[in-house]
Amino acid sequence: MKSSIYKILILSGALAPAASAFSLYDSAPAIGVPESYAVRYKAYMNVGYDDNRNCSENNKKGGAFVRFGVEAAYADYESVTKISYNARVGAQLYNKTAHGTDHRFFSDVAFNANLTHSITPTSLYSLSVGFTFTPQPEYSNGISGYQSYGDCINWNISNTYSQALDERWSWNCMLAFSGNIYLNSDYQYDDRYYYTLGTGFSYKASERTTYGINLRARYEMRSKGYDSQSYFLTGSVTHALSPISSCSFSAGTQLKIVDGSVDLYPTLSASYRRVLTEGLTATAYVSLSNENVSTYNYYGNYKSDMTWRAGVNLRYAYTPKVAFRGGLSLIDAHYSKGTNGLPNRHRTAVTLSVGMDYVFTETLTGTLDYSYTISDGKGYDYNRNIISAGLRYSF
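Residues numbered from 1 in each chain as written. Predicted model: local features only at pLDDT ≥ 70, side-chain atom pairs only at ≥ 80, totals over all residues. Heavy atoms only, no water.

Draft legend 1. Main features of the overall build of the protein chain. Of the regular secondary structure elements, the protein chain holds 1 helix and 19 strands. Each of the 395 residues in the protein chain was classed as buried or not, and the buried ones make up 42%. A separation of at least 24 residues holds for 56% of the contacts in the protein chain among residues at least 6 apart in sequence. Total accessible area computed for the protein chain in this model is approximately 19200 Å², and 61% of it derives from carbon and sulfur atoms. (Helix = DSSP H or I, 4+ residues; strand = E, 2+ residues; numbered from the N terminus. Buried < 20%, exposed > 50% of the residue type's maximum accessible area, 1.4 Å probe, protein only. Contact = heavy atoms within 4.5 Å. Areas by Shrake-Rupley, 256 points an atom, 1.4 Å probe, with all protein chains shown as cover.)

In structure tokens form, the structure reads like this:
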């Protein structure tokens, strides 16, 4: 009985480990109980060149950089209270300043931790904490710059309680708090805070397939511009393709309230994680929702921010010493319903990335990375190339 209940909660996502230590996107959950490991430490250093730090064709400026720091990771899935974390403390130093800031030195700090406690044989409490202190990544924002925005603090704290009702049904509720704060006062108009609460049910149709229905409310408070309220009703399915591969899909509606306007929008998300062949792993995601990012303008406010996000990542272990990586990501943001005569706005940004790892010894690995970004949107047209090489040392 306890084993079956445990599988229900795993498939419902309660015990799924983070797919990537510092990913901005949800991936399909891993199936099965993950492996434990003792504390692991890594030191890293990369040197590279960015040919368009300002993300602008009119004010294009290149610069060399060095990125360095230390990472730590730990996982204990054997105890009643299961704990895992990933942490990074580092910095990035440029030889030139970017437009909008006189800083050359930027932080590179991130922390992600998960805790799951078995309250009873049929109930679980889960806590997830995420924190980053870095220049805001370009792909996380519909119409943002990159280094010119300076350091930015992002965080997310999520609490979930899951209760198995029988061998097939389970119930859950969640409460989360997240936010975004810019240290550069010129951009603090986009500071925002999210409060989210929700509940849902999961049904285990088979050993490999679980269905769910969820109701979620999100309240966003902004330092400037209109606050918003969104209510989501979604149905979902998670399917185990194999003991180590899975896919998930959810779709539904989003009721959004902004400054007295009430509108209904579609929302969906899908993710895929699979070991295709020996040594080749693929992950993919796609999402659609009406966000409220960078909607404030000094002349007015956008009430709608319909945004697609999609991407695919591949990793291929060619030999025990050589591995290749590749990825393609897309963000497509449509801003509409502007006040005070603000015209509709559309922006698309696509990033292609490739990389290689070479294992010199058991503790030393070399890396080589390249990324190309093309952005299309009024006032935000640009191309950008970043290349870097580095070393990772495990100890």
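Draft legend 2. Fine view of the pairing of strand β17 (residues 345-359). Where strand β16 (residues 322-338) and β17 come together, 14 bridges link them in antiparallel fashion. Residue pairing for β17: Ala333 is matched across the bridge by Arg347. Where β16 folds back on β17, the antiparallel hairpin that results is connected by 6 residues, among which Asn340 adopts a positive phi of roughly 55°. Pairing of β17 with strand β18 (residues 364-377), which is carried by 13 bridges, proceeds in the antiparallel orientation. Residue Thr351 lies in a different strand from β18, and its bridge partner there is Thr373. In this structure, the hairpin formed by β17 and β18 is closed by a connection of 4 residues. (Pairing = 2+ DSSP bridges.)

Draft legend 3. The arrangement of unusual backbone geometry in detail. Despite not being glycine, Lys337 has its phi angle at roughly 55°, a positive value. Positionally, Lys337 belongs in strand β16. The exposure class of Lys337 is partly exposed, given its relative accessible area of 38%. Within the chain, Asn340 stands out as a residue other than glycine whose phi angle is a positive 55°. Note on placement: Asn340 falls in the loop between β16 and β17. Asn340 sits in the exposed class, given a relative accessible area of 66%.

Draft legend 4. Molecular detail of the packing of aromatic side chains. Taken as a whole, this structure holds 16 aromatic pairs when the rule is applied. Geometrically, the ring pair formed by Tyr41 and Phe395 is stacked, given 5.7 Å between the ring centres and 15° between the ring planes. Of this pair, Tyr41 sits in strand β1 (residues 37-50) while Phe395 sits in the segment after β19 (382-394); the two residues are 354 residues apart in sequence, bridging distant segments of the chain. Residue Phe395 is classed as exposed on the basis of its relative accessible area of 52%. Ring plane angle 15° and centroid distance 6.0 Å describe the contact between Tyr393 and Phe395, whose orientation is recorded as stacked. Here the aromatic residues Trp155, Phe177, Tyr193 and Tyr195 are joined through ring pairs into a cluster of three or more. Just above the ring of Tyr37 sits the side chain of Arg40; from NZ or CZ to the centre is 3.7 Å. Positioned above the aromatic ring of Phe232 is the side chain of Arg216, whose terminal nitrogen or guanidinium carbon lies 4.3 Å from the ring centre. (Phe/Tyr/Trp six-rings, centres within 6.5 Å; stacked < 30°, edge-to-face > 60°. Lys NZ or Arg CZ within 6 Å of the ring centre and 35° of its normal.)

Draft legend 5. Examining the side chain of Thr365 more closely. Summarising the element assignment, Thr365 is placed in strand β18. The class for Thr365 is buried, based on a relative accessible area of 14%. Filtering out sequence-adjacent residues up to four positions away, Thr365 remains in contact with Asp357, Tyr358, Val359, Phe360, Gly390, Leu391 and Arg392.

Draft legend 6. Structural context of the side chain of Thr267. Relative to the assigned elements, Thr267 resides in strand β12 (residues 261-277). At a separation of 3.1 Å, a polar atom in the side chain of Thr267 contacts the main-chain carbonyl oxygen of Leu288. Residues contacting Thr267, with those up to four places away along its chain left out, are Phe232, Thr234, Ser250, Ala251, Gly252, Thr253, Gln254, Leu288 and Ser289. (Polar contact = N/O pair within 3.5 Å; in protein donor to acceptor, adjacent residues only side chain to side chain.)

Draft legend 7. Spotlight on the pairing of strand β11 (residues 245-258). Relative to β11, strand β10 (residues 228-242) is paired through 14 bridges, and the arrangement is antiparallel. Of the residues in β11, the one forming a bridge with Leu233 is Thr253. The loop that links β10 with its antiparallel partner β11 comprises 2 residues. Bridge count for β11 against β12 is 13 bridges, and the pairing is antiparallel. Bridge assignment links Cys247 to a residue of β12, and that residue is Tyr272. Count of turn residues in the β11/β12 antiparallel hairpin: 2 residues, of which Asp259 carries a positive phi of about 50°.

Draft legend 8. Geometry of a nonpolar patch on the surface. Where nonpolar side chains cluster on the molecular surface, the patch consists of Tyr49, Leu276, Val312, Leu314, Leu328, Leu352, Val354, Leu368, Tyr370 and Ile387 and spans about 830 Å² of accessible area. Contributing elements (two or more residues each) for the nonpolar patch: β15 (300-317), β17 and β18. In this structure, Leu328 sits in strand β16. (Patch = residues over 30% accessible without salt bridge, like charges linked within 9 Å, V, L, I, M, F, W, Y side chains within 5 Å. Salt bridge = Lys/Arg side-chain N within 4 Å of Asp/Glu carboxyl O.)

Draft legend 9. The environment of Thr351, seen in detail. The residue Thr351 is located in strand β17 in this model. Spatially, the C-alpha atom of Thr351 lies 5.8 Å from that of Leu328, the residues being 23 residues apart in sequence. Sequence-distant contacts of Thr351, defined by excluding residues within four places in its chain, comprise Gly327, Leu328, Ser329, Ser371, Tyr372 and Thr373. At a separation of 2.9 Å, a polar atom in the side chain of Thr351 contacts the side chain of Thr373.

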